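So you can see what is in the structure, the chains are spelled out below.
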Amino acid sequence: MDKLKIGIFGTRRGADFAHAAELTGKAYVSAVCDFEEKHFDNIRKFCSEETQYFSDFDEFIDSGMDAVVLTNYFNQHAKYAVKALEKGIHVLSETLPAVTMAECVDICRAAEKSKAIYMLAENYAYFSTVEKMTELYKGKTLGGAIYAEGEYVHPMSYEEYVHYTPTSDHWRALMPSGYYMTHSLAPLMKIIDDVPVAVNAVSIYSDDLRQERDGEPVKDVASIMLCSMKGGSVARVTGWAKFGGHGNWYRIACAKGSMETVRGDQDSLRLLYNKWEMPEGAEQESVEKIEFTHDREKGEQCGHAGGDYYVTLDFIDCILEGREPYFNAYRSCAMSAVGILGWRSSLHNGEQYKIPDFSNEEERKAYENDNLSPFPDENGNINYPCTKYEADKFDI
Ligand SMILES: NC(=O)c1ccc[n+]([C@@H]2O[C@H](COP(=O)([O-])OP(=O)(O)OC[C@H]3O[C@@H](n4cnc5c(N)ncnc54)[C@H](O)[C@@H]3O)[C@@H](O)[C@H]2O)c1
């Protein structure tokens, strides 16, 4: 079997995917692209003599690759995803898939027309505990989901913030509190196999956590979003929450019991049944360390509790097997819409916003010209606030 040729667009986070792709043994990095040449040093050790280096996306994408990994700026994935799909090149996009509703529509239309696969690189949905919870939920011993919770809590010191946020117009300086929400919602969607159909949100500001540089907009530190799911349950998720201290946590509460990752130990799972509804042979309450069932030693070499390896492997296997990824264009864009419309909800006193079914052209068409965005467009213009403290400067 010939190995797949993978292109990496953006070489900071991109180096992690180059490493994971190499470890799978099924792909190699044929090309990388970054307009900051000094960032090539991050990735070189995972490349070969054949790897080509580019600073221009259009030259890079035409260099003869099967698939591209989009690890460029958070707010600029959609247009490159569409360009690649139009050329029949498979896309693995980092979060966020799209930062406007119009971009969500563009991605879904391009994915439908393309013979190539679109997938979101949502590594947190590949934790060993998430895999186990998905299997347990399918087993039906817990009954249907009623309520779910997902938290992504990642505080940064001021020094770290400045290191990862080189300029005041960088995406990290402008990102509203709820946009980076795939790490909290994607695992829940995958476990209960459901999609959000509406969102209400509240954004939180704390004077104790102000860390922006002089001249930057005052930012909220967390967003709490309530997602009404198609199957009837409600999921409470955070965006990228900046309160202390660091950690992820997932809980699924069902009719007959609950399961949750153990706080502070994301590789362990706590499972709890109602006394009167325990399956035969089960304990009423158990806590178990969950290990990956395959490729464990490769997973351990990659970041995010192995998630970086398994998400890359799944993408490559989807291509090789002609299989639709779980986080395809529709489910991925539904998550983008939770971030985008959840932010609007928090600026409108928690009003509920409907999430369209992106597989339905009639429903999504209503959003094809919805370009409201807190990030600058190609001319540097911003038409929506990134913080509630600037809301009065915009016509929202
Ligand atoms: N899933 C995770 O756990 C995880 C972790 C870190 C980052 N990310 C995601 O990965 C993406 C990248 O994150 P990062 O921290 O590396 O961001 P970054 O902003 O630090 O780096 C982006 C890189 O892309 C390059 N780039 C951007 N636009 C370009 C263009 N048009 N042409 C050429 N090069 C271009 C930049 O020079 C830079 O090297 C983001 O979407 C982020 O959300 C995800």
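To be clear, the structure that these remarks concern was listed above.
Since the model is a prediction, treat every value here as computed from it, not as a measurement. (Residues numbered from 1 in each chain as written. Predicted model: local features only at pLDDT ≥ 70, side-chain atom pairs only at ≥ 80, totals over all residues.)

### Details of the site of the ligand
- Lining the immediate environment of the ligand, one finds 19 residues, of which Gly10, Arg12, Arg13, Asn72 and Glu94 sit closest.
- Across the shell around the ligand, the residue classes tally to 5 nonpolar, 9 polar and 5 charged. (Near = placed C-beta within 6 Å. Nonpolar A, V, L, I, M, F, W, Y, C, P; charged D, E, K, R; others polar.)

### Points about the packing of helix α5 (residues 128-138) against helix α8 (residues 182-192)
- Where α5 meets α8, the closest approach of the two axes is 8 Å, and the angle between their N-to-C directions is 30°. One finds that α5 runs roughly parallel with respect to α8. Contact with α5, carried on its side by Val130, Met133, Thr134 and Tyr137, involves Pro187, Lys190, Ile191 and Ile192 of α8 and no other residues of that element.
- Here the contact of α5 with α8 is composed, by residue class, of 6 nonpolar, 1 polar and 1 charged. (Axes fitted to C-alpha atoms, helices over the stretch in contact; angles between N-to-C directions. Helix = DSSP H or I, 4+ residues; strand = E, 2+ residues; numbered from the N terminus. Parallel < 35°, antiparallel > 145°, perpendicular 65-115°, else oblique. Contact = placed C-beta atoms within 7 Å.)

### What about the sheet that holds strand β15 (residues 353-354)?
- Pairing in this open sheet of 9 strands is mixed, and the strands run β14-β13-β12-β11-β7-β10-β9-β8-β15 from one edge to the other. Unpaired on one side and paired on the other, β14 (285-289) and β15 mark the two borders of the sheet.
- For strand β8 (residues 196-204) and strand β9 (residues 222-229), the ladder comprises 8 bridges, and the chain directions are antiparallel. Within β9, the residue paired with Ser203 across the bridge is Ser223.
- Those strands touched by α5 are β11 (247-254), β12 (257-262) and β13 (265-273), and its axis lies near 25° from that of β13.
- Along the sheet, α8 makes contact with β7 (145-153), β9, β10 (234-241) and β11, crossing β7 at roughly 150°. (Pairing = 2+ DSSP bridges.)

### Here's the deal with helix α11 (residues 329-347)
- Here α11 is 19 residues long and its end C-alpha atoms lie 27 Å apart, about the 27 Å a rise of 1.5 Å per residue gives.
- Most of α11 is tucked away: 17 of the 19 residues are buried.
- Note on α11: the residue one or two positions beyond its end, Asn349, has a positive phi of about 55°. (Expected span 1.5 Å × (residues − 1). Buried ≥ 20, exposed ≤ 12 C-beta atoms within 10 Å, placed from the backbone.)

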